[in-house]
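Coordinate analysis (summary)
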Protein chains: 2
Amino acid sequence: MARRTQADRSESTTGEIVDAAITLFGRDGYPAVSIDGIARAAGVTKGAVYHHFDGKTALLRAAFLHQEQRRALLLREAAAGSPDALAAVRAGCAAFLHSCLDPAVRQILLLDGPAVLGWQEVREIEAEHSVALLRRGLGAAVDEGRLRPGDLGIRTHLLLGALCEAGMLLARHADPTAALAAVTREVDALLDAFATPTGA
Amino acid sequence: MARRTQADRSESTTGEIVDAAITLFGRDGYPAVSIDGIARAAGVTKGAVYHHFDGKTALLRAAFLHQEQRRALLLREAAAGSPDALAAVRAGCAAFLHSCLDPAVRQILLLDGPAVLGWQEVREIEAEHSVALLRRGLGAAVDEGRLRPGDLGIRTHLLLGALCEAGMLLARHADPTAALAAVTREVDALLDAFATPTGA
DNA sequence: TGACATCACATACTAACGGTACGTAAGTTG
DNA sequence: CAACTTACGTACCGTTAGTATGTGATGTCA
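Source: prediction; values computed, not measured.

Comments concerning the interface of chain A and chain B
Facing 28 residues of chain A, the contacting portion of chain B comprises 28 residues. Buried area between chain A and chain B, both sides added, is near 2,800 Å², and the carbon and sulfur share of it is 69%. Among the residues chain A hides against chain B, the three largest losses belong to Trp119, Glu165 and Glu186 of chain A. Together they make up 25% of the total. Taken together, the connections running from chain A to chain B amount to four salt bridges. Its salt-bridge partner being Arg123 of chain A, residue Glu165 of chain B comes within 2.5 Å of it at the nearest N-O pair. Across the contact surface, chain A and chain B share ten residue pairs in polar contact (both at pLDDT 80 or more). Mapped by element, the contributors of at least two residues to the side of chain A that touches chain B are helix 6 (103-117), helix 7 (119-127), helix 9 (152-171) and helix 10 (176-191) of chain A. Sort the elements by how many residues they give to the side of chain A that touches chain B and helix 9 of chain A lands first, with eleven residues.

Next up, the structure:
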C-alpha cells in the first residue's frame, strides 16, 4: 500500500508549492519573493516549480485563485441562514471585511493581484467567486423590494471598491478587530444608499 | 545670456526624467520598465537617474506625486464655483472619474502606486492632496446640514475606494466617455447614502 | 585669475533573479 | 520488457537593479 502514483506526487507537490507561494507572497509581497525562495520553502527546486507553473505570474495566479475561493467560501457561510437577501448582503460584507484582517489576503488579493495580473483578470476571477455572491445578493435584494433598482454591475463594483478600501483601512489601526465594528457600521450606512425608503 | 547654471541643469534633467518615468510607467507598468529605458527616454544615462533619485521606487514615487498633484489641481478646478459643499463634492467626484480616463493615471495612481509604495504611503500622499479635498468637502457638507454626521475618516475612504474602482471600471468599456455618465450617476446615488433626508 | 572643491553626469562592473535547456530517475503503457 | 511519459534536479544565459569610479563643467576663494 501507500503506492505513490505520479498523480499523487504531482498533486501534493503543486499543493506545497502553492502553499509556500501564499505564505511568502502574502508576507513579503510579490516583488520581494524569488522563485528559488518558494521552491526552497516547498522543499523542491526551481525546476519543479517551472514544471508545474508557467512562470512567476502563474504562481501568483494560483495563490490568488486559492485565496479567492477561500474568501468566497467564507462569504457563503456568513450569508447562510440570513432571513432575507439584504441581511445576507450585510453579512457577506461583514465577512469580506473580516477576511481582510489576514495580511496575506490584503497583500495577494488587494495589492499584488491587481498590479501583477492586471485589474481586468483579477475582476474576472472574482466575478466567478466572491463578487458573484455579492452581485446575486444585491439582485435578490432588489427583487425583494429592499433595494432600489439600478445598474447592478456598476453598483456591485462601487460596493466592492468600498469594501476593498475598508479592508486596507483596517490594517493600519492598532486594534483592527475594534476598527472592524466602526467600519462595518459605515458600510451598512452605505448600503442604505440603495435601500428603498420603506426598507430602512 | 542663457547662462545654464547648475541648478537649471539639475532641475530640467530631473524634470525630463520624471516625465519619461510617467510616460513609461503609465504605459507599460512598473515591473516592465527598466531604469535604462527611462534614462534613454530622458536622453541621459542610468548614472544621471541614480544621481537624482535613490532608486526605482523613488522614481515611481516622484511620478506618483506628480500625477497626484495634477489630479488635486483638477479636482479643485472642478469644485470651484459650486453653489454649496455637496455640489462641490459631486463635481469633485466627477472630476476624479474623468481623470481616470487617462491610462497613465490608472496605472500609476491606482495599480502600481499601492503595490510598489505600499497602501499606507500612497494614502498618506493622497491625504495631503486629492483626498484632503474630498474629506474637507464632505466635512463642509456635513456642516451645511446636507450630509449626516458620522466617522468622516472612514466615510472618505469608502467613497475613495468606490471612486477608484469606478475609475478602473471605465477603462474596460468600449466607450469610456459614455460609461462615465452611467458611473457618475451611480456614484451620485451612493452619495445620497450620507445625505440628510431633507437634503436630497 | 589660478588652484581647488563640488556638482552633474557617464562608464564599467557586480550580484541577483527570471527563465531555459538538458539530463535523469521513476512511473506508465503496449 | 521495451518504448514512452512524467516529475523533477542541475547548469546555464540574459536582463536588470544597484554600486563604484572616472571626468568634465561649474562655482568658490585666495
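Here we look at the UniProt feature "domain: HTH tetR-type" (unreviewed entry) in chain A
Per the UniProt record, the feature "domain: HTH tetR-type" (unreviewed entry) sits at residues 11-71 of chain A. Along residues 11-71 of chain A the backbone is 80% helical and 0% strand, and the end-to-end C-alpha distance reaches 22 Å.

Some details on empty space enclosed by the protein
According to the stated counting rule, one finds one cavity of 30 Å³ or more in the structure shown. Roughly 360 Å³ of volume is contained in the largest cavity. In terms of lining residues, the largest cavity is bounded by 21 residues, among which Leu110 and Arg123 of chain A together with Leu110, Arg123 and Cys164 of chain B are the most central. Here the element with the most residues in the lining of the largest cavity is helix 6 of chain A; it accounts for five residues. Counted by class, the lining of the largest cavity contains 15 nonpolar, two polar and four charged residues.

Section: the relation of the copies chain A and chain B
Superposing chain A onto chain B takes a rotation of 180° combined with a translation of 0.0 Å along the rotation axis, leaving an RMSD of 0.0 Å. Between the two chains, the operation in question is that of a two-fold axis. Closest to the rotation axis within chain A is the C-alpha of Ala193 of chain A, separated from it by 1.8 Å.

Side note on the UniProt feature "DNA-binding region" (unreviewed entry) in chain A
According to UniProt, the "DNA-binding region" (unreviewed entry) feature falls on residues 34-53 of chain A. For residues 34-53 of chain A, the helix share is 75%, the strand share is 0%, and the end-to-end C-alpha distance is 14 Å.

Digging into the pattern of salt bridges
Tallying each qualifying case throughout the model produces 22 salt bridges over all chains. Note that Arg146 of chain A and Asp84 of chain A form a salt bridge whose closest N and O atoms lie 2.9 Å from each other. Taken together, the residues span a long stretch of sequence, with Arg146 of chain A in the loop between helix 8 (130-143) and helix 9 and Asp84 of chain A in the loop between helix 4 (56-79) and helix 5 (85-99) at a distance of 62 residues. Across the salt bridge formed by Arg71 of chain B and Glu68 of chain B, the nearest N and O atoms sit 2.9 Å from each other. Placement of the pair is Arg71 of chain B and Glu68 of chain B together in helix 4 (residues 56-79), with a separation of three residues, close to one helical turn. Judged by relative accessible area, which is 2%, Arg71 of chain B ranks as buried. Salt bridges here are not isolated pairs; linked through shared partners, they connect Glu68, Arg71, Arg123 and Glu126 of chain A together with Glu165 of chain B.

A few points about the nonpolar core
Core analysis: the largest hydrophobic core is formed by 129 residues, its most contacted members being Phe25 and Ile38 of chain A together with Phe25 and Ile38 of chain B. Leave out the neighbours within four places in its chain, and Phe25 of chain A touches Tyr30, Val33, Ile38, Lys56, Leu59, Leu60, Ala63, Gln107, Ile108 and Asp112 of chain A.

Things to note about the packing of helix 5 of chain A against helix 8 of chain A
Residues and elements named next belong to chain A. Between helix 5 and helix 8, whose axes approach to 8 Å, the crossing angle comes to 155°. Comparing their axes, helix 8 and helix 5 come out roughly antiparallel. In terms of crossing hand, the pair formed by helix 5 and helix 8 is left-handed. Side by side, helix 5 and helix 8 meet where Ala85, Leu86, Val89 and Cys93 of the first sit next to Leu134, Gly137, Leu138, Ala140 and Ala141 of the second. Residue composition of the contact of helix 5 with helix 8, by class: eight nonpolar, one polar and no charged.

Here is what the cut-offs are and how they apply
- Every chain's residues receive numbers from 1 upward, in the order its sequence appears when written.
- Here chains are named by letter from A upward and ligands by number from 1 upward, in the order in which they appear as written.
- Whole-chain, interface and lining totals are the exception, using all residues; otherwise, since this is a predicted model, local features are given only for residues with pLDDT of at least 70 and side-chain atom pairs are given and counted only at 80 or more.
- Excluded from the side-chain calculations are hydrogens and water; all other atoms, namely the structure's heavy atoms, are used.
- By the convention used here, residues are in contact when the closest approach between their heavy atoms is within 4.5 Å.
- In short, buried area is how much 1.4 Å probe accessible area vanishes from two parts on joining, totalled over both.
- Basic side-chain nitrogens of Lys or Arg form a salt bridge, by our definition, when they fall within 4 Å of a carboxyl oxygen of Asp or Glu.
- The definition of a polar contact used here is a pair of N or O atoms within 3.5 Å, where within protein one atom must be able to donate a hydrogen and the other to accept one, and adjacent residues in sequence count solely through side-chain atom pairs.
- Helical segments are the DSSP runs of H or I of at least four residues, strand segments are the runs of E of at least two, and each set is numbered from the N terminus.
- UniProt positions are given in the numbering used here, feature names are shortened, and annotations may be inferred rather than shown by experiment.
- The pocket and cavity definitions rest on a 1 Å grid over protein atoms only: a 1.4 Å probe that fits but cannot leave marks a cavity, an open set with protein on both sides within 12 Å along at least five of seven lines marks a pocket, and residues lining either have an atom within 4 Å of a point.
- Grid points are joined across faces, edges and corners, and a volume is the space filled by probe spheres set on the points.
- Lys, Arg, Asp and Glu make up the charged group, whereas Ala, Val, Leu, Ile, Met, Phe, Trp, Tyr, Cys and Pro make up the nonpolar group; the residues left over, Gly among them, are polar.
- When the copies are superposed, the least-squares fit takes in the C-alpha atoms of residues with a pLDDT of at least 70 in both.
- Each residue is assigned to one of three classes by its accessible area relative to the maximum for its type, calculated with a 1.4 Å probe on protein chains only: buried under 20%, partly exposed between the two thresholds, exposed over 50%.
- What is meant by a nonpolar core is a set of buried Ala, Val, Leu, Ile, Met, Phe, Trp, Tyr and Cys residues, joined one to another through side-chain atoms within 4.5 Å.
- Note on geometry: axes are lines fitted to C-alpha atoms, helical ones only across the stretch in contact, with angles between N-to-C directions running from 0 to 180 degrees.
- Note on terminology: angles under 35 degrees are roughly parallel, angles over 145 are roughly antiparallel, angles of 65 to 115 are roughly perpendicular, and the others are oblique.
- The sense of a crossing depends on the near helix, which, turned anticlockwise from the far helix by less than a right angle, makes the crossing left-handed and, turned clockwise, makes it right-handed.

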